[in-house]
Amino acid sequence: MSKSKKIIMSALLIALTVILSRFLAIKTPLLSINFAFVPVVLCAIWLGPKWAILVNVISDLIGATLFPFGSFFIGYTVTKVVSGLIYGILLYKKEDNTYSNKQFIFRVIMAVMLVTVIANIGLNTFWIKITTGKAFMVLLSARIVKELVMIPIEIITIIILENTLRVPFNKYIRGEND
């Protein structure tokens with residue numbers, strides 16, 4: 001895929017991430033339920049880790065600048081780097097048949113579990129503790145419940161979307177001669 005196609009695809013995914021995280025999200029001071037992971041995961045599958053990190057970080061910076069939910073804190077951007085890296089390393093498919101469906105499902109489960117534990121529960125809870133001053137263990141209990149609910153939703157969403165979009169992506173984006 002040409003670099004210009006990658007840039008255009010990234011721009012579209014950035015816009016979609018901002019919309020899903022800022023406008024179509026359920027936000028409370030301590031929890032956020034949204035589907036902003038979807039464009040980042042698709043970017044990780046299609047373009048790889050560095051593009052997934054780029055999409056995640058730029059969408060975070062644009063969202064925090066144009067549509068803030070409080071003051072900017074760099075820790076949340078660090079979390080975006082970590083989650084983009086995990087998704088990119090585990091889910092990137094250089095060609096259509098890089099690995100089997102069973103391997104892909106296993107990789108999705110691993111990626112979601114690692115992002116949930118390291119980024120969402122670990123780092124984000126720590127950043128919330130720093131920014132709000134609330135006790136870590138109190139925050140942790142509420143966030144664990146939310147993340148346990150979201151794990152199967154994220155896994156199923158990723159698998160269904162990848163299976164649905166695989167053929168159109170390979171035919172119209174990846175398959176064309178550059």
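Residues numbered from 1 in each chain as written. Predicted model: local features only at pLDDT ≥ 70, side-chain atom pairs only at ≥ 80, totals over all residues. Heavy atoms only, no water.

Details of empty space enclosed by the protein
Thinking step 1. Summed over all chains, the structure comprises two cavities of 30 Å³ or more.
Thinking step 2. For the lining of the largest cavity, the secondary-structure elements that each account for two or more residues are α2 (37-47) and α6 (136-174).
Thinking step 3. Considering each element in turn, the lining of the largest cavity owes the most residues, six residues, to α6.
Thinking step 4. Size it by volume and the second largest cavity reaches roughly 30 Å³.
Thinking step 5. Every residue along the wall of the second largest cavity is listed here: Val 38, Val 41, Leu 42, Ile 45, Ile 158, Leu 161 and Glu 162.
Thinking step 6. For the lining of the second largest cavity, the elements supplying multiple residues, two or more each, are α2 and α6. (1 Å grid on protein atoms, 1.4 Å probe; cavity = no way out; pocket = protein on both sides within 12 Å on 5 of 7 lines; lining within 4 Å. Points joined across faces, edges and corners; volume = space filled by probe spheres on them. Helix = DSSP H or I, 4+ residues; strand = E, 2+ residues; numbered from the N terminus.)

A word on the pattern of salt bridges
Thinking step 1. Under the definition given, this model contains three salt bridges.
Thinking step 2. Among the salt bridges present, the one from Lys 93 reaches Glu 162, with a minimum N-O distance of 3.3 Å. Of this pair, Lys 93 sits in the loop between α4 (74-91) and α5 (101-132) while Glu 162 sits in helix α6, and the two are 69 residues apart along the sequence.
Thinking step 3. Glu 162 gets classed as buried once you look at its relative accessible area, which sits at 4%.
Thinking step 4. Between Lys 146 and Glu 147 there is a salt bridge; the shortest N-O distance is 2.9 Å.
Thinking step 5. Among the residues examined, Lys 146 registers a relative accessible area of 16% and is labelled buried. (Salt bridge = Lys/Arg side-chain N within 4 Å of Asp/Glu carboxyl O. Buried < 20%, exposed > 50% of the residue type's maximum accessible area, 1.4 Å probe, protein only.)

Digging into the nonpolar core
Thinking step 1. Ranked by size, the top nonpolar core spans 31 residues in total, and within it Val 41, Trp 46, Tyr 87, Leu 91, Phe 104, Val 108 and Ile 158 carry the most contacts.
Thinking step 2. Those elements that place two or more of their residues in this core are α1 (3-22), α2, α3 (49-66), α4, α5 and α6.
Thinking step 3. If you tally residues by element for this core, the top one is α2, at 10 residues.
Thinking step 4. In contact with Ile 158, other than residues within four places in its own chain, are Phe 37, Val 41, Phe 104, Val 108 and Val 112. (Core = buried A, V, L, I, M, F, W, Y, C linked by side-chain atoms within 4.5 Å. Contact = heavy atoms within 4.5 Å.)

Section: the layout of surface pockets
Thinking step 1. Space inside the largest pocket adds up to approximately 1,200 Å³.
Thinking step 2. Together, 41 residues line the largest pocket, and Lys 27, Ser 32, Tyr 76, Lys 80 and Asn 124 are the ones closest to its centre.
Thinking step 3. Among the elements of the structure, α1, β2 (32-33), α2, α3, α4, α5 and α6 are those that each provide at least two residues to the lining of the largest pocket.
Thinking step 4. Across the lining of the largest pocket, the residue classes tally to 17 nonpolar, 16 polar and eight charged. (Nonpolar A, V, L, I, M, F, W, Y, C, P; charged D, E, K, R; others polar.)

Observations regarding the packing of aromatic side chains
Thinking step 1. Applying the stated rule across the entire model yields seven aromatic pairs.
Thinking step 2. Measuring from ring centre to ring centre gives 5.7 Å for Phe 73 and Trp 127, while their planes differ by 65°; the resulting arrangement is edge-to-face. Placement of the pair is Phe 73 in the loop between α3 and α4 and Trp 127 in helix α5, with a sequence separation of 54 residues.
Thinking step 3. For Phe 73, a relative accessible area of 23% puts it in the partly exposed group. (Phe/Tyr/Trp six-rings, centres within 6.5 Å; stacked < 30°, edge-to-face > 60°.)

Considering the confidence of the model for the protein
Thinking step 1. Looking at the protein, the pLDDT average stands at 91 and 96% of residues meet or exceed 70.
Thinking step 2. Confidence scores differ between elements of the protein, with β2 showing the lowest mean pLDDT of 76 and α4 the highest of 97. (pLDDT = per-residue confidence, 0-100.)

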